Amino acid sequence: MSEDTKPPAPEAERPPEEEQQKIVVARLATTRELLREITTGPVMTAFLSLVLAMVVGSVMILFTDEHVRSTAGYIGARPSDFFDAVWTSISGAYEAMFRGAIYNSEGLDFQARIRPITETLNFAAPLIMAGLGVGLAFRAGLFNIGGRGQMLLAGAGAGWVAINVDAPTAIHLPLAIIAGMVVGGLWGGLAGLLKARTGAHEVIVTIMLNYVGYYLVFFALSEQNILQQKGSINPKSAPMPDSAVLPKLLGVRFNLHAGIILALVAVAVTWWLLNRSAWGYRFRAVGANPSAARAAGIDVGRTYTTVMLIAGGLVGLAGVNQVLGTVTSGVSVDLDAGIGFDAITVALLGRSRPLGILAAGLLFGAFKAGGFAMQASENIPVDIVLVIQSLIVLFIAAPPLVKAIFRIPVKEAA
Amino acid sequence: ACGSAPDKGSSSGSDEPTTDYLPCMVSDAGGFDDHSFNQLGYEGLEQAKDELGADWKTVESNSENDYKPNIDSLVAAGCNTIVTVGFALSAATVEAAKANPDIDFVLIDDAADNDFNGKVDAPNIKPLLYNTAQAAFLAGYAAADYSKTGVVGTYGGQPYPTVTIFMDGYKQGVDYYDQENDANVKVVGFEGGDKGAFTGGFEANEKATTTAKSILDQDADVIMPVGGPIYQGALTAIKDSGKDIALIGVDADFYETDPDTQPYVLTSVLKNMKQSVYETILAAGKGDFDPTAYVGTLENDGVGIAPFHNFEDKVSPDLQGKLDDVKQGIIDGSIPVKSYLD
Amino acid sequence: MSTVEADVETDEAGRPIVAAHGVLKAPTIFALFAALIALVLVFKSAAGDTTFRLASRTDFVQLPEVTVPANGTGWVVVVLLLVATAASASYAARRLRTPVWLVSAYVVLALTGFLAWAAAGESLPVVGLLAGALALAVPLVFGALGGVLGERSGVVNIAIDGQLLFGAFGAALVGSMTGSPVLALAAAMLAGALVALILGVFAISYFVDQVIVGVVLNVLVVGFTSFMYTQVLAPNADSLNSPPHLSAVAIPVLGDIPLVGPILFRQTVLVYLLYVAVAAVTWALYRTKWGLRVRAVGEHPKAADTVGIKVNRTRYRTILLAGLIAGAGGATYTLVSVGQFNREMTGGGGYIALAAVIFGKWDPIKATLAALLFGFATNLQNVLSVLGAPVPSEFMLMLPYAVTVFAVAGLVGNSRPPAADGIPYRTG
Amino acid sequence: MKLALRDVTKRFGTLVANDRISLTVESGEIHGLLGENGAGKSTLMNVLYGLYQADEGEILLDDKPVHFRDPGDAIAAGIGMVHQHFMLVPVFTVAENVMLGHEATGRFGILDIDAARKRVREISDRFGFHLDPDALVENLPVGIQQRVEIVKALSRDARVLVLDEPTAVLTPQETDDLMQIMRQLKESGTAIIFITHKLREIREAADRITVIRRGAVVGEPPPSASNAELAAMMVGRPVELTVHKDPAQPGPAALTVRDLRVTDDDGHVHVDGVSFEIRRGEVLGVAGVQGNGQTELTEALLGLQAHVEGSMVLDDVELRGRSVRRVLDAGVGFIPEDRQGEGLVGEFSIAENMMLNRSHGKPFVSLGTVQQRALNAFAQERLDQYDIRASGIDQHAAQLSGGNQQKVIVARELSRDLRLLVAAQPTRGVDVGSIEFIHKQIVATRDSGVPVLLVSTELDEIVALSDRIMVLYRGRVVGIVPAGTPRETLGLMMAGEQPEGSAA
Ligand SMILES: Nc1ncnc2c1ncn2[C@@H]1O[C@H](COP(=O)(O)OP(=O)(O)OP(=O)(O)O)[C@@H](O)[C@H]1O
Ligand SMILES: Nc1ncnc2c1ncn2[C@@H]1O[C@H](COP(=O)(O)OP(=O)(O)OP(=O)(O)O)[C@@H](O)[C@H]1O
Ligand SMILES: [Mg+2]
Ligand SMILES: [Mg+2]
């Protein structure tokens, strides 16, 4: 807008020339600021990270796509073939992923069309729960790599109660859930206790306890009088009785079960615990500055133990979710399904904040659900999802790199 | 350098399906290249779909979480027959079968009887089972006969029944040999039940190698590794030992599937999954799906042992004859072989 | 005026020294284990003799087999352990820490007693037990060396597992394509260094939390290699996944030393490379200018900066070297142990190596010993389960991990990382 | 060599730490740089040393412009610096620290540690330092570490030597020694920049003085200027250099410490048979060079030390063996010497820091929940009352200046119902304005009848605030003397000399 197109204002109201110039400049500055905020802010970084990661994924897909490779052989002769192939390959892959994760436009009826999003929620639930456990420990300065062991033990504990206790759902289900969380918590708490008492590094202890826990559960599942299904010879427990199974939320046509509700509750409780409770206050104090916490009368050792107890319980909830919700056919040694490790990435992407973990868990859940569809319909191994996920986390953690790649000016460092 | 472009519209004819029939398969967490049941089932399916001129879909699972969604996605993809592999998929298969009565399911290595009433839990599941103890019994007998040191060995990946059934049959075979021939051949690496030498996984890794070495350190001169790729560890151990050690393969004839092993394979315990999957799918593709459980035995050649190949000259001349007798005895029941399938 | 002077032993700061605290830990644990072994002997006495085989049949020098009565040996060991306990207690009475030699002697004794009991009626291949332990430890030691180097320069490397895995992948691919073990090894090392480079770019140049980068790199490598395995390697196994096999090469003379020779000097080239690597890293870290600078950068980067050392350049170089070493460890999987690449074939070995780094208190030699302890526990489990241990296999398989937890919690306790470990260095 | 800085400007974000500062130093000259905390002295020197890059301005050596990309360049140009915060690697030996960066090596890059030892001995003998080249730096008292820093700088044959507050950790006698060394160096032609905010020292040593305030040069007074003139120039207003306090009205003994002995895990004795008592309404000052057991003494009182023998009775309550929390519950207030390390959680807000040692119950926690409203109200009140300069109670503690951080801690501790205040180095690194304020608070606490244990390495502070002074040397009490004891005597006691007739 320039000066002369503007209708002349009455002398009195019109600010002096110079003033007005300033206002215009200031207004321009704020718009530019806003624009820059949008194009350079964290949301943009997150989006661009996603784009970058998907580009790398695309390259891998193309590289291994036979049709693309064969058309590349004569790219000089007929490039259109090559670009067609490239487009088909990539769009097919990501379309399939979207169809598997969010909305399946090819579904026969409404239910089939919205089914993917329910699958996403189902996958997200344990990731969120375990992510909270890992994130909580992070906030107290502890690196909990023991998700696998904690999930396994918790799953076994929940399974044991589910199978061996006979009670109406209202009692049975909560009892089994709590039992699982307690066992998972004890397994996590063991690492905390060892750190508090002997100084043993939690990274070592949690890694080792993963294996110890795995074989313990394996043993329990191989013993008729512990967990193994009566009459069976496989290392697997009996299926969960209906009274201890997490109810389906949308009827039998959907797999979605109440685990996602538990996850949301866990997010809320963890949020309260970290941000509003005295315990959480102390966890964060110990995590941010253990010497100051100690000098202020906070028992650092006890805090480590408590944190790991609760963290183990939260990760354990993921195990419970698996056994009582996702795979109710019985406890097995594979019940952790890699979630214990995925949870670390979820917690890191969510910056160990409960709401961040919720978002990260949903994103990763979507990737998981989408990955299967991509594999089933395009024959692209789900491993590509791991690549994309990890790249997203890396790029989001390094905004200057992303900006450098997209040549976005970096804001003056404050 | 650029090649010349092919004519438009021409596509390699073999890719186009000539039938609407769509057979599909889900692996367990081992993946299709596990050198074991996933792979053999996969090959059987491949052979059948080629012969039928059908398209196919296969999905790999990476964890227990994936079984249900994988089966579901195949159901959604319109598969007519879905092959699932391993006891781990049993529950998910039963559930999907109940929900989709018009789709045929084939479950490898599990009876699909999760309530233990002796009956398959859904009418549209065909379980494919293999009494490999019988075949391993023969291998054990052969090993005992072949051994010069009087010690033969075995080890497994994880103490799963589908693994220990081999080890168990093998041990029974050796014991039978001792008893018949008044010999004292010893088995190392398996004690019965879940006690024995296990690598703790089905990966070919250093653990598989050192476990094999520990067995060879006990003077064993025949070794039978049970559990997909872990035999590669035994192969390394044999090569490194510099001694004359014989290897016994499992599942397929190693002599044919892995030429590397040819100088060492005494024989292999065959579990004819490829064949039975092939036959089942072929029948299903022609509309003759028969859900009756299939149990591979020595009698129906569902299990067996491979020829001695390079060891033809090394084994005692009358061994083949004795093995034939034992086999006959097992088939007619005069020689009892215990296994969990009884 | 008079000066305050104390006539007791003093430290550099002139403060008196009285006694170390926690001197009672060793004798207590000693007594506990002696009692435990005695209890085992009482309640589950072992019948028969145990034979310790000190040579394998093909050895040039045949050491005699040592046959001892299992139970008797057990009791002799218990008595000796009690003597050691008394010695340790007398040190404690003088308020001194139990010396390392006594701890080592105790451990060897206790192990002998345990083995005599566990292998009663059998013959125990000592050479196989120790050689196998070494073989199992090889990739772990490489990984731990890489980890130690990185952390000594202030860069936490959680990505050891990724480096091992990518090294294994690189070796398999290049080895198969060229047929050359040397090129395969070089590829493995470069692959490890490539992972290190990514770690460096994010952790050093972009100040991303090193734990995040490390964890995520592991996932990235698993995803990438598994993808390539299914899509490229597996379908073309003959041409792309059949690397040359490295077999053991005996070193003349050294290989013929009884007991030691077969264990240490009849190994693959990679193991010899490992000896060189351990020695070279230790020597370089403590004796050279380069090592002094690396350690300075890891302890107090700003101090290093103020004397003209380029902190981040030093860190980059160190982690790249560390990546080369860890990558070589990865080659063990595909060139020695297995002979082809499989998905996730390290089986979490990198995490065990990471534990060895911490367990070994960031010292190359101690980290090597920690990895060897793990290898030993693993192979002990192998040997015992082959001999037919009367324990369910799940508990046997648990052994190495349980031993590590016990060792870390009971014996090592607090460990102090390099002061600037994990903290990115920024200049104004 | 002649060094000149011309119009050097350095900004940190919006903060202008150095604003067109110019300065020249001739060889054989000691140039004093004076300024209160945060004035920008260290920043300027770091620019000179290549640690920071100037945003504007230039550096001239012998009238030729030079550009230092990093300290390596500066060192090569003959500039040496003893940093305010020691740049020593604690786990290295003296020789290793001295050789770092210009290592003598044999073949294959093998360190020639003997050459380094020789160099250390040479230099330390020249100045009478008595350094053991093989001692680990972390085991050395800070006074000795200071010497290592000087040897380090001299071992590079620096022709311009920057000493950034080198006297903060020295006894008065050691300070005199340092001045002597500076003169020696000056005679041999070295140009020296000497930074301090102790007026006496600068007047004694400097040939020329530059005073900076808020990043800018505010004057170049002659060395003959009076203390009051210098202080006024430094602070920008006339300052009270003495603390006003009424004579103490001591009540009965409140804290009685008997035969206290503190050892660390390795058996080093840090506090050795210390006995004293503090009465209500009295300040007991603990003087001594840093590292003579003061830290361990205060930590033992708080329950932060693991191996403590003897007894510490506060109002009939034995403190020994109590957990920190129970010590705090007994009414002990604690201002730790390491503000950022032990006093505050940097990433917590001011409000959150206010409840750091009261997270277990009333008034800030009830039913396990933090009472946000009560906490915020409390924090806001203290913010106003203590004049804490912050954008608000939600600002992170790490973002505050040192003085304001210290005020947060003081506010927190003095808000509780105290029966004893333990204040360790309460004004270290705090600006003059805040020092005045904190001193007033300590005196007010004393006057309210609370016994105060004041630990400080600043003798001026001890003398100004204490009613009685206890001097520690190597963990032992050299003597407990009245407040009026001459500084020289105190200085000698800090070096371990026992004055005649003093009661230990
Ligand atoms: N990684 C993330 N990505 C996007 N948004 C995030 C992320 N982490 C947190 N948030 C957002 O930050 C806000 C606060 O999150 P949350 O309550 O979990 O932590 P917090 O209150 O900041 O924790 P603290 O009190 O410890 O600082 C929410 O709006 C949430 O959406
Ligand atoms: N790296 C940095 N980033 C941001 N601000 C800084 C940095 N270094 C110093 N400052 C700020 O610059 C100002 C000058 O600091 P400087 O350390 O130079 O003061 P000083 O005069 O040396 O004070 P003191 O007597 O406490 O040593 C202070 O406000 C300080 O907080
Ligand atoms: Mg049934
Ligand atoms: Mg300063």
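Cut-offs and rules
- Within each chain, residue numbers correspond to sequence positions counted from 1 in written order.
- Chain letters and ligand numbers both follow the written order, the letters beginning at A and the numbers at 1.
- For a predicted model such as this one, the threshold for reporting local features is a pLDDT of at least 70, and the threshold for listing and counting side-chain atom pairs is 80 or more; totals across whole chains, interfaces and linings nevertheless cover every residue.
- Side-chain descriptors were evaluated using all non-hydrogen atoms of the structure, hydrogens and water having been removed beforehand.
- Helix and strand assignments come from DSSP, with helices taken as H or I runs of at least 4 residues and strands as E runs of at least 2, each series counted from the N terminus.
- The globule rule is 2.2 Å times the number of residues to the power 0.38, and the radius of gyration it is compared with is taken over C-alpha atoms.
- Classification of residues uses two cut-offs on accessible area relative to the type maximum, computed with a 1.4 Å probe and protein chains only: under 20% is buried, over 50% is exposed, and between them is partly exposed.
- Contact between two residues is taken to exist if any of their heavy atoms lie within 4.5 Å; hydrogens are not considered.
- Positive charges are assigned to Lys and Arg, negative charges to Asp and Glu, while His and the chain termini are left out of the count.
- For the purpose of locating charges, the reference atoms are NZ of Lys, CZ of Arg, CG of Asp and CD of Glu.
- Working definition: a ring pair exists when centres of Phe, Tyr or Trp rings (six-membered ring for Trp) sit within 6.5 Å. Plane angles under 30 degrees give stacked, over 60 give edge-to-face, the rest tilted.
- To sit over a ring, a charge needs its Lys NZ or Arg CZ within 6 Å of the ring centre and within 35 degrees of the ring normal.
- One heavy atom suffices: a residue is near a molecule or strand as soon as one of its heavy atoms comes within 4 Å of it.
- Definition of a polar contact: a pair of N or O atoms within 3.5 Å, with one able to donate and the other able to accept a hydrogen when the atoms are protein atoms, and with sequence-neighbouring residues admitted only if both atoms are side-chain atoms.
- Each accessible area value is a Shrake-Rupley result obtained with a 1.4 Å probe; residue values ignore everything except the protein chains displayed when judging cover.
- The classification used treats Ala, Val, Leu, Ile, Met, Phe, Trp, Tyr, Cys and Pro as nonpolar, Asp, Glu, Lys and Arg as charged, and all other residues, Gly among them, as polar.
- UniProt positions are given in the numbering used here, feature names are shortened, and annotations may be inferred rather than shown by experiment.
- A donor here means an N, O or S atom no more than 2.8 Å from the metal, or no more than 3.2 Å when the metal is Na, K or Ca. Since water is not included, a site may seem to lack partners.
- When DSSP finds at least two bridges between two strands, those strands are taken to pair.
- Axes here refer to lines fitted to C-alpha atoms; in helices the fit is confined to the stretch in contact. Angles between the N-to-C directions go from 0 to 180 degrees.
- The term disulfide is used for any two cysteine sulfur atoms that are within 2.5 Å.
- Buried area, as used here, totals the accessible surface that two parts lose on assembly, with accessibility defined by a 1.4 Å probe and the loss added over both.
- Every case where a carboxyl oxygen of Asp or Glu lies within 4 Å of a side-chain nitrogen of Lys or Arg is listed as a salt bridge.
- Segment limits for the domains were obtained from an automatic or database-derived domain assignment.
- Throughout this description, any angle smaller than 35 degrees is read as roughly parallel, any larger than 145 degrees as roughly antiparallel, any in the 65 to 115 degree range as roughly perpendicular, and the remainder as oblique.
- By the definition used in this description, the sense in which the near helix is turned from the far one sets the handedness, with an anticlockwise turn below a right angle giving left-handed and a clockwise turn giving right-handed.
- By definition, the crossover connecting two strands over a helix is right-handed if that path, from the first strand to the second, turns clockwise as seen with the strands pointing away from the viewer.

S.K.: Hey, could you go over the overall build of chain D for me, with residue numbers and the actual values?
M.R.: From N to C terminus, chain D includes 17 helices and 23 strands. Taken over the C-alpha trace, chain D has a radius of gyration of 24 Å; the compact-globule value for 504 residues is 23 Å, and the two agree within 12%. Projected onto its principal axes, the C-alpha positions of chain D cover 70 × 50 × 45 Å. Here chain D, with 504 residues, has 57% of them falling under the buried criterion. Taking as baseline every contact in chain D between residues at least 6 positions apart, the subset at least 24 positions apart corresponds to 66%. In chain D, the 53 positive side-chain charges and the 71 negative ones have mean positions that sit 2 Å from each other.

S.K.: Requested: an account of the packing of aromatic side chains, with residues and values cited.
M.R.: Taken as a whole and judged by the stated rule, the model has 37 aromatic pairs over all chains. Between Tyr 130 of chain B and Tyr 294 of chain B the ring centres are 6.0 Å apart and the planes differ by 65°, which places this aromatic pair in the edge-to-face class. Of this pair, Tyr 130 of chain B sits in strand E5 (residues 125-130) while Tyr 294 of chain B sits in strand E13 (residues 294-296); the two residues are 164 residues apart in sequence, bridging distant segments of the chain. An aromatic cluster is present here, built from Tyr 214, Tyr 215 and Phe 218 of chain A together with Phe 87, Tyr 160 and Phe 202 of chain B joined pairwise through their rings. Over the face of the ring belonging to Phe 311 of chain B we find Lys 314 of chain B, whose NZ or CZ atom lies 4.3 Å from the ring centre. The lysine or arginine in question, Arg 94 of chain C, covers the ring of Tyr 91 of chain C, its NZ or CZ lying 4.9 Å from the ring centre.

S.K.: A description of the site of ligand 1 should follow, citing residues and the corresponding values.
M.R.: All names here are of chain A. As a structural note, the neighbourhood of ligand 1 is formed by Arg 139, Trp 271, Asn 275, Arg 284, Leu 349, Gly 350, Arg 351, Arg 353, Pro 354, Leu 355 and Gly 356. Between ligand 1 and the protein, one listed contact pairs an oxygen atom with a side-chain N or O atom of Trp 271 at 2.3 Å. Between ligand 1 and the protein, one listed contact pairs an oxygen atom with a backbone N or O atom of Pro 354 at 3.3 Å. Compared with its free state, where it exposes 620 Å², ligand 1 has 52% of that area covered by protein. At the level of secondary structure, the elements contributing two or more residues to the shell around ligand 1 comprise helix H9 (259-276) and helix H14 (354-378). Classifying every residue of the shell around ligand 1 by side-chain character gives four nonpolar, three polar and four charged.

S.K.: Lay out the UniProt feature "transmembrane region" (unreviewed entry) in chain A with the relevant residues and their values.
M.R.: Residue and element names in this part refer to chain A. In this structure's numbering, the residues bearing the UniProt feature "transmembrane region" (unreviewed entry) are residues 43-63, 123-142, 170-191, 203-221, 254-274, 355-374 and 380-402. A distance of 34 Å separates the end C-alpha atoms of residues 254-274, which is 76% helix and 0% strand. Secondary structure across residues 380-402 divides into 83% helix and 0% strand, with the first and last C-alpha atoms of the span separated by 27 Å.

S.K.: How would you summarise the UniProt feature "domain: ABC transporter" (unreviewed entry) in chain D if you had to cite specific residues and measurements?
M.R.: Following the UniProt record, one finds the feature "domain: ABC transporter" (unreviewed entry) at residues 3-239 and 255-499 of chain D. Between the C-alpha atoms that bound residues 255-499 of chain D the distance is 25 Å, and the span itself is 34% helix and 27% strand.

S.K.: Which residues make up the coordination of the magnesium ion (ligand 4), and what values go with them?
M.R.: Looking at the magnesium ion (ligand 4), one finds its protein donor set to be Ser 42 of chain D (OG) and Gln 84 of chain D (OE1), positioned 1.9 to 2.0 Å from the metal centre. Here the residue Ser 42 of chain D occupies a position in helix H1 (residues 41-48), and Gln 84 of chain D occupies one in the loop between strand E6 (79-82) and helix H3 (94-99), the gap between them amounting to 42 residues.

S.K.: Explain the sheet that holds strand E19 (residues 420-424) of chain D to me, using residue names and the numbers behind them.
M.R.: Residues and elements named next belong to chain D. Across the sheet, six strands lie side by side as E16-E19-E20-E13-E21-E22; this open sheet has mixed pairing. Both edges of this open sheet fall to strand E16 (332-335) and strand E22 (476-482), since each of them pairs with a single strand only. Geometrically, the sheet is characterised by an average inter-axis angle of 15° between neighbouring strands, direction not taken into account. Judged from the four bridges that link them, strand E13 (residues 283-287) and strand E20 (residues 452-455) form a sheet pairing that is parallel. If you follow Val 286 over to E20, its bridge partner there is Val 455. The strands that helix H14 (residues 402-414) touches are E16 and E19; relative to E16, the one it contacts most, it runs at about 175°. In the packing of helix H17 (residues 487-494) onto the sheet, contacts are made with strand E21 (468-473) and E22, and the angle to E21 comes to roughly 30°.

S.K.: So what's going on with the site of ligand 2? Residues and values would help.
M.R.: Residues and elements named next belong to chain D. The local shell around ligand 2 holds 14 residues, among which Gly 38, Lys 41, Ser 42, Thr 43 and Gln 84 are the closest. Between ligand 2 and Gly 40, the relevant distance is 2.9 Å, taken from an oxygen atom to a main-chain nitrogen or oxygen of the residue. With respect to ligand 2, the side chain of Tyr 52 contributes an N or O atom lying 3.4 Å from a nitrogen atom. Across the complex, the protein chains shield 64% of the 630 Å² of accessible surface that ligand 2 would expose by itself. For the shell around ligand 2, the secondary-structure elements that each account for two or more residues are strand E2 (15-25) and H1. With three residues, H1 is the largest single contributor of residues to the shell around ligand 2. Residue composition of the shell around ligand 2, grouped by class: five nonpolar, six polar and three charged.

S.K.: Got a sec to walk through the state of the cysteines? Specific residues and values, please.
M.R.: Residues and elements named next belong to chain B. Overall, the coordinates contain one disulfide over all chains when judged by the stated rule. Disulfide pairing places Cys 24 opposite Cys 79 at an S-S distance of 1.9 Å. Linking Cys 24 and Cys 79, the disulfide has an S-S dihedral of approximately -85° and is accordingly described as left-handed. A residue pair is termed long-range when its members are at least 10 positions apart, and Cys 24 in strand E1 (residues 23-26) and Cys 79 in the loop between helix H2 (67-76) and strand E3 (81-85) qualify at 55 residues. Residue class for Cys 79 comes out buried when judged on its relative accessible area of 3%.

S.K.: Any chance you could break down the interface of chain B and chain A for me, citing the residues and the numbers?
M.R.: Across the boundary between the two partners, chain B contributes 34 residues, which contact 42 residues of chain A. Approximately 3000 Å² of surface area, both sides summed, lies buried where chain B meets chain A, with 53% of it carried by carbon and sulfur atoms. Three residues, Glu 64, Asn 65 and Phe 116 of chain B, lead the burial of chain B against chain A; their summed loss comes to 22% of the area buried on that side. Taken together, the connections running from chain B to chain A amount to one salt bridge. A salt bridge links Asp 72 of chain B to Arg 115 of chain A; the nearest nitrogen and oxygen atoms lie 3.0 Å apart.

S.K.: Residue-level account of the domain arrangement of chain A, with values.
M.R.: Residue and element names in this part refer to chain A. The assigned domain composition of chain A is domain 1 (14-65 + 381-414) and domain 2 (125-379). For domain 1 and domain 2, the distance between their C-alpha centroids amounts to 35 Å. Contacts between the two partners involve ten residues from domain 1, matched on the other side by ten residues from domain 2. Of all residues in domain 1, Val 382, Gln 389 and Val 393 bury the most surface against domain 2, accounting for 46% of the area lost on that side. The tally of links between domain 1 and domain 2 comes to zero salt bridges. The tally of links between domain 1 and domain 2 comes to zero residue pairs in polar contact (both at pLDDT 80 or more). Of all the elements, helix H15 (residues 383-397) adds the most residues to the side of domain 1 that touches domain 2, at seven residues. The residue makeup of the side of domain 1 that touches domain 2, split by class, is nine nonpolar, one polar and no charged.

S.K.: Before we move on, could you go through the interface of chain D and chain C and cite the residues and values that matter?
M.R.: Each partner contributes residues to the interface: chain D has 56 residues there, and chain C has 41 residues. Broken down residue by residue, the surface that chain D buries against chain C is led by Met 87, Leu 100 and Arg 474 of chain D, which jointly contribute 13%. At the boundary of chain D with chain C, the tally comes to two salt bridges. Where Arg 293 of chain C meets Glu 103 of chain D, a salt bridge forms, and the shortest distance between an N and an O atom there is 2.9 Å. Among the elements of the structure, helix H2 (71-76), H3, strand E11 (253-263), strand E12 (269-279) and strand E23 (497-498) of chain D are those that each provide at least two residues to the side of chain D that touches chain C.

S.K.: Could you give an account of the packing of helix H5 (residues 160-178) of chain C against helix H13 (residues 311-337) of chain C, naming the residues involved and the relevant values?
M.R.: Residues and elements named next belong to chain C. Running from N to C, H5 and H13 cross one another at 60°; their axes reach a closest spacing of 6 Å. Judged by the inter-axis angle, H5 sits oblique to H13. Two packed elements cross with a definite hand, and for H5 against H13 that hand is right-handed. Together, Gln 163, Leu 164, Gly 167, Ala 168, Ala 171 and Ala 172 of H5 and Gly 323, Ala 326, Gly 327, Gly 329, Gly 330, Ala 331, Tyr 333, Thr 334 and Leu 335 of H13 make up the contact between the two elements. Residue composition of the contact of H5 with H13, by class: eight nonpolar, seven polar and no charged.

S.K.: Now, about the pairing of E20 of chain D: what can you tell me, with residues and values included?
M.R.: Residues of E20 of chain D alternate between two faces, with Val 452 and Leu 454 of chain D on one and Leu 453 and Val 455 of chain D on the opposite face, all of them buried. Handedness of the crossover joining E19 of chain D and E20 of chain D through helix H15 (residues 432-447) of chain D: right-handed.

S.K.: An account of the pattern of salt bridges is needed here, citing residue identities and associated values.
M.R.: All names here are of chain B. Under the counting rule described, the total for this entry stands at 48 salt bridges over all chains. Across the pair Asp 145 and Lys 322 runs a salt bridge, and its minimum N-O distance is 3.6 Å. Placement of the pair is Asp 145 in helix H4 (residues 132-146) and Lys 322 in helix H10 (residues 319-332), with a sequence separation of 177 residues. Given the relative accessible area of 14%, Asp 145 is considered buried.

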